[in-house]
Amino acid sequence: MENSLGKRDADVIWHPYTQHKNLDLPVPIVRGEGTLLFDESGNSYIDAISSWWVNLHGHAHPYIAEKLYQQARTLEQVIFTNFTHEPAVLLAERLLRILPGNLSKIFYSDNGSTSVEVALKMAIQFWKNQGSPQRNKILAFENAYHGDTFGAMSVSGRGLFTDAFRELLFDVIFIDTPQDSNLDQLKSVIQSQEGKVAAFIYEPLLQGAGGMRMYESANMNGLLEFVQKQNIICIADEVLTGFGRTGTLFASEQITHPPDIICLSKGLTGGTMALGVTACSKTIFDAFLSDDRSKTFFHGHSYTANPLACAAGIASLDLLEEKSCRERIESIQRQHQSFIKNELSVVSHGLFENVRSLGTILAFEFKSGKNEYTNQAGRAILKEAMSAGIYLRPLGNTVYVLPPYCINENQLRAIYDFILSIPARVKLNA
């Protein structure tokens, strides 16, 4: 259709992470309900990846929608210097009660990338304010992804997403994720930078955009213990892992040593609106208290602590803390484990590699050329999944399932059945 929404979109919009040359028109989605997305032709799609990992409770959730409506009728936006408001204070109070460690302050921003930018700036300025400006290096993991703004790109693994800007990114000390075999070597690298490192930023237990790479908490405990003995600020990027994705409310709960700073976004509002949070310890905050105004944390956003987004965050927490939500998270975890043990591992025929799960997340690679983001198997699998009424968006040949917690057993079964059918549907390259 000449004036279809997809055609109109193609005329005026540039989509994220999208090569537009020879691209099929985007699918116009007109509404969502629970786990399902509906297009303008009435077709439904199971949102198997929570719309880029943000949706917790399902689309168009009536409780969150009602709370948003009530807030919109009361206060939609106010500058967050000199003023405050109930949704911002209440959300901060509730987050600090459930976050791991001894965190005492919440700084609001707009999204995951900005929450990371805030954390990095806090850590670097902390040492400057303390009279140790030489402590300005950042330690990070290889294959990390922390966002697409310049600071967040700098602490992300060098590769396809950052190559165009490589010369403009600040230097970072990259190390591998900890294993039994490399822990002493990682400690040696860190020891060689003694007195120079401001902070260590990491995605706890799961590196998402880097390929859904999972690593064990036991080795991370050993690494963090050593890092904290070096008096290095620890920043946990829980933008993806927060709010139940890994089985606990926060992945850091599965690690003995809590961080000094935590970054949150994605599921923070249940997937309803953009909002970022950087939570920090009292020690970090106190380093900015001074009669010297140059020690102020000069960072902010026009929509800092937007009342609508904060109201959505509070409503999402209400739902997340219900017993039934915990039961659904546990059910997804059990179903993933059963599928891997009794089906996926049994019928793999060598085509499914590195099958793994963590909480509500299931992932594996299809044996099809190189394990990389540009692997064309991902596009073929996406197309076949859509034809089956399922939205999967593989990271190259890394396929993962990360559903909203409201997904039912029949919908999850449909996803599993599709996965098992991929070898017959998609021609994979050796």
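Relevant structure appears above.
Residues numbered from 1 in each chain as written. Predicted model: local features only at pLDDT ≥ 70, side-chain atom pairs only at ≥ 80, totals over all residues. Heavy atoms only, no water.

Here we come to the overall build of the protein chain. When you go through the protein chain residue by residue, the secondary structure sums to 13 helices and 16 strands. In terms of overall dimensions, the protein chain is globule-like: its C-alpha atoms have a radius of gyration of 22 Å, near the 22 Å expected for 430 residues. Along the three orthogonal principal directions, the C-alpha set of the protein chain runs to about 65 × 55 × 45 Å. Out of the 430 residues in the protein chain, the part that is buried amounts to 52%. Put simply, of all contacts in the protein chain between residues at least 6 apart along the chain, 71% involve residues at least 24 apart. Roughly 20,100 Å² of accessible area belongs to the protein chain as shown, and the carbon and sulfur atoms make up 50% of that amount. Considering the protein chain, the positive charge centre built from 38 side chains and the negative charge centre built from 45 side chains are found 2 Å apart. (Helix = DSSP H or I, 4+ residues; strand = E, 2+ residues; numbered from the N terminus. Rg over C-alpha atoms; globule rule 2.2 N^0.38 Å. Buried < 20%, exposed > 50% of the residue type's maximum accessible area, 1.4 Å probe, protein only. Contact = heavy atoms within 4.5 Å. Areas by Shrake-Rupley, 256 points an atom, 1.4 Å probe, with all protein chains shown as cover. Lys, Arg positive; Asp, Glu negative; His and termini not counted. Charge placed at Lys NZ, Arg CZ, Asp CG, Glu CD.)

What follows concerns the sheet that holds strand β11 (residues 261–264). Strand order in the open sheet made by the 7 strands is β4-β12-β11-β10-β7-β5-β6, with mixed pairing throughout. Each of the sheet's edge strands pairs with one partner strand only, and the pair in question is β4 (103–109) and β6 (173–175). For this sheet the average axis-to-axis angle between neighbouring strands, irrespective of direction, equals 20 degrees. In this structure, β4 lies alongside strand β12 (residues 276–281), joined through 6 bridges in antiparallel fashion. Counted as the bridge partner of S109 is G276 from β12. (Pairing = 2+ DSSP bridges. Axes fitted to C-alpha atoms, helices over the stretch in contact; angles between N-to-C directions.)

Moving on, we come to the sheet that holds strand β1 (residues 29–33). Strand order in the open sheet made by the 4 strands is β1-β2-β3-β15, with mixed pairing throughout. Pairing within the sheet leaves two strands with one partner each, and these edge strands are β1 and β15 (390–391).

Turning our attention to the pattern of salt bridges. According to the stated counting rule, one finds 11 salt bridges in the structure shown. With a shortest N-O distance of 2.6 Å, D318 and R94 are connected by a salt bridge. Within this pair, whereas D318 is found in helix α10 (residues 307–320), its partner R94 is found in helix α4 (residues 86–98), the two being separated by 224 residues in sequence. For R94, a relative accessible area of 11% puts it in the buried group. The shortest N-O distance in the salt bridge between D417 and R413 comes to 2.9 Å. Taken together, the positions of D417 and R413, both in helix α13 (residues 409–425) and 4 residues apart, correspond to about one turn of that helix. With relative accessibility at 40%, the residue D417 sits in the partly exposed group. Sharing partners across several salt bridges, the network here consists of R94, D318 and E321. (Salt bridge = Lys/Arg side-chain N within 4 Å of Asp/Glu carboxyl O.)

On to the packing of aromatic side chains. For the structure shown, the criterion picks out 18 aromatic pairs. Aromatic side chains Y145 and F161 sit 6.1 Å apart centroid to centroid with 85 degrees between the ring planes, which places their arrangement in the edge-to-face category. Remark: F161 occurs in the loop between α6 (150–154) and β6 and Y145 occurs in the loop between β5 (137–141) and α6; sequence separation between them is 16 residues. Aromatic rings pair up to connect Y17, W52, Y145, F161 and Y373 into one cluster. In this arrangement the basic side chain of R31 is found over the ring face of F38, its NZ or CZ atom lying 3.9 Å from the centre. Just above the ring of W127 sits the side chain of R135; from NZ or CZ to the centre is 4.2 Å. (Phe/Tyr/Trp six-rings, centres within 6.5 Å; stacked < 30°, edge-to-face > 60°. Lys NZ or Arg CZ within 6 Å of the ring centre and 35° of its normal.)

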